[in-house]
Amino acid sequence: MKNEKGLKRQRRPVLRSKPLFHFSFFIFHFSFLGCSPSPPDYTPKPRGYNRIDLPPVAYQPLTERHPYFFEYSKAAVVRPDTFRGALPHWVFIRYPQFDADVQLTYHPVLGDRQRLARLIDDAYKLSSKHEIKAYGIDDSVVKLKNGKTAALMELSGEVPSQFQFFTTDSTRHFLRGALYFKTATANDSLAPVIDYVKRDMLHLLNTLEWRQ
């Protein structure tokens, strides 16, 4: 399957494969796309739905001190992750108007290839937690406008998390993001909002910078 930009995407059944495949799949695409001179960019697929008034598309820089920097929506606020078990530099990008959050979890890779493999496998496992309600999961590995590589996971069906990603420089930094809605509204009705936040998440990735 290809998106409108010609980027090959893979619809996976909700049953996942072995951890080694996850690591090899991402590292292969990471290396391949890293050598690609002019990779296609990714945009969410347009779809028809009832009109919903959305905030203007505008962005602001992250001002908090973290090992990463990006731009995020002016319709959102950044809050620390206060859940039990949260680690340093875990944050929520909160959309008060939508009752939605993008949870960002950061891990140092520490130059450990096995640690990186576990982080990648965990990211795929977390997306698979929604397999009971998911119709399918579309996986893709894309080259971003800033030259970085990211794995994207789009989940279809009545799932609480409709879009997830992770990105890494493979030696020092690993960042995962997941969109969650707290409302019980059906995803078909939320479609305009989901697409709005997905575009914001892609802008986050395209403006991402690692910091020392």
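Before reading further, recall that the structure is shown in the block above.
Anyway, here's the lowdown on the structure attached to this text.

What counts and what doesn't
Residues numbered from 1 in each chain as written. Predicted model: local features only at pLDDT ≥ 70, side-chain atom pairs only at ≥ 80, totals over all residues. Heavy atoms only, no water. Helix = DSSP H or I, 4+ residues; strand = E, 2+ residues; numbered from the N terminus. Expected span 1.5 Å × (residues − 1). Buried < 20%, exposed > 50% of the residue type's maximum accessible area, 1.4 Å probe, protein only. Contact = heavy atoms within 4.5 Å. Core = buried A, V, L, I, M, F, W, Y, C linked by side-chain atoms within 4.5 Å. Polar contact = N/O pair within 3.5 Å; in protein donor to acceptor, adjacent residues only side chain to side chain. Phe/Tyr/Trp six-rings, centres within 6.5 Å; stacked < 30°, edge-to-face > 60°. Salt bridge = Lys/Arg side-chain N within 4 Å of Asp/Glu carboxyl O. Pairing = 2+ DSSP bridges.

**Quick word on helix H2 (residues 113–128)**
Because the α-helix completes a turn every 3.6 residues, residues three or four places apart line up on one side. The terminal C-alpha atoms of H2, which comprises 16 residues, lie 23 Å apart, in line with the 22 Å expected from a rise of 1.5 Å per residue. Taken together, the buried positions of H2 are occupied by Leu 116, Leu 119, Ile 120, Asp 121, Ala 123, Tyr 124, Ser 127 and Ser 128.

**Side note on the environment of Leu 152**
Locating Leu 152 in the fold gives a position in strand E9 (residues 149–157). Taking the C-alpha atoms as reference points, Leu 152 and Val 142, 10 residues apart in sequence, are found 7.6 Å from one another.

**Some words on the environment of Phe 165**
Topologically, Phe 165 is positioned in strand E10 (residues 163–168). Along the backbone, Phe 165 and Gly 177 are 12 residues apart, and their C-alpha atoms lie at a distance of 5.2 Å. Contacts of Phe 165, omitting those with residues within four sequence positions, involve Leu 104, Ala 151, Leu 152, Met 153, Leu 175, Arg 176, Gly 177, Met 201, Leu 204 and Leu 205.

**Some details on the nonpolar core**
Within soluble globular proteins, side chains that are nonpolar generally end up buried alongside one another. Counting 35 residues, the largest nonpolar core has Tyr 68, Phe 70, Ile 93, Tyr 95, Leu 104 and Val 197 as the members making the most contacts within it. Contributions of two or more residues to this core are made by strand E3 (68–69), strand E6 (91–95), strand E7 (100–108), E9, E10, strand E11 (173–181) and helix H3 (187–206). Per element, the largest residue contribution to this core is 9 residues, and it comes from H3. When neighbours within four sequence positions are excluded, Ile 93 is seen to be in contact with Phe 70, Tyr 72, Ala 76, Val 77, Val 78, Ala 100, Asp 101, Val 102, Leu 104 and Leu 204.

**Brief notes about the environment of Gln 103**
Within the secondary structure, Gln 103 is located in strand E7. With 23 residues separating them along the chain, Gln 103 and Pro 80 place their C-alpha atoms 9.6 Å apart. Beyond its immediate chain neighbours, meaning those up to four positions away, Gln 103 contacts Asp 81, Val 91, Phe 92, Arg 176, Gly 177, Ala 178 and Tyr 180. Side-chain polar atoms of Gln 103 contact the side chain of Asp 81, separated by 2.9 Å.

**Structural notes on the packing of aromatic side chains**
Tallied over the entire structure, the rule returns 8 aromatic pairs. Taken together, a centroid distance of 5.7 Å and an interplanar angle of 75 degrees make the contact between Phe 98 and Tyr 196 edge-to-face. Of this pair, Phe 98 sits in the loop between E6 and E7 while Tyr 196 is found in helix H3, placing the two residues 98 residues apart along the sequence. Residue class for Tyr 196 comes out buried when judged on its relative accessible area of 6%.

**Describing the pattern of salt bridges**
Here the structure, examined in full by the defined rule, presents 6 salt bridges. Residue Lys 182 is joined to Asp 101 by a salt bridge in which the shortest nitrogen-to-oxygen separation is 3.7 Å. Of this pair, Lys 182 sits in the loop between E11 and H3 while Asp 101 sits in strand E7, and the two are 81 residues apart along the sequence. Since its relative accessible area comes to 59%, Lys 182 is described here as exposed. For Asp 101, a relative accessible area of 8% corresponds to the buried category. Residues Glu 154 and Lys 198 are paired through a salt bridge, measuring 2.6 Å at the closest nitrogen-oxygen approach. Of this pair, Glu 154 sits in strand E9 while Lys 198 sits in helix H3; the two residues are 44 residues apart in sequence, bridging distant segments of the chain.

**Some words on the side chain of Arg 94**
With respect to the secondary-structure elements, Arg 94 resides in strand E6. In this structure the side chain of Arg 94 is engaged in a polar contact, spanning 2.7 Å, whose partner is the side chain of Asp 99. For Arg 94, the side chain forms a polar contact with the side chain of Asp 101, separated by 3.0 Å.

**Points about the pairing of E11**
Here E11 lies mainly inside the structure; 8 of its 9 residues are buried. Pairing of E7 with E11, which is carried by 9 bridges, proceeds in the antiparallel orientation. What sits directly across from Tyr 106, in E11, is Leu 175. Alignment of E10 against E11, held across 5 bridges, turns out to be antiparallel. Counterpart to Thr 168 in the pairing with E11 is Phe 174.

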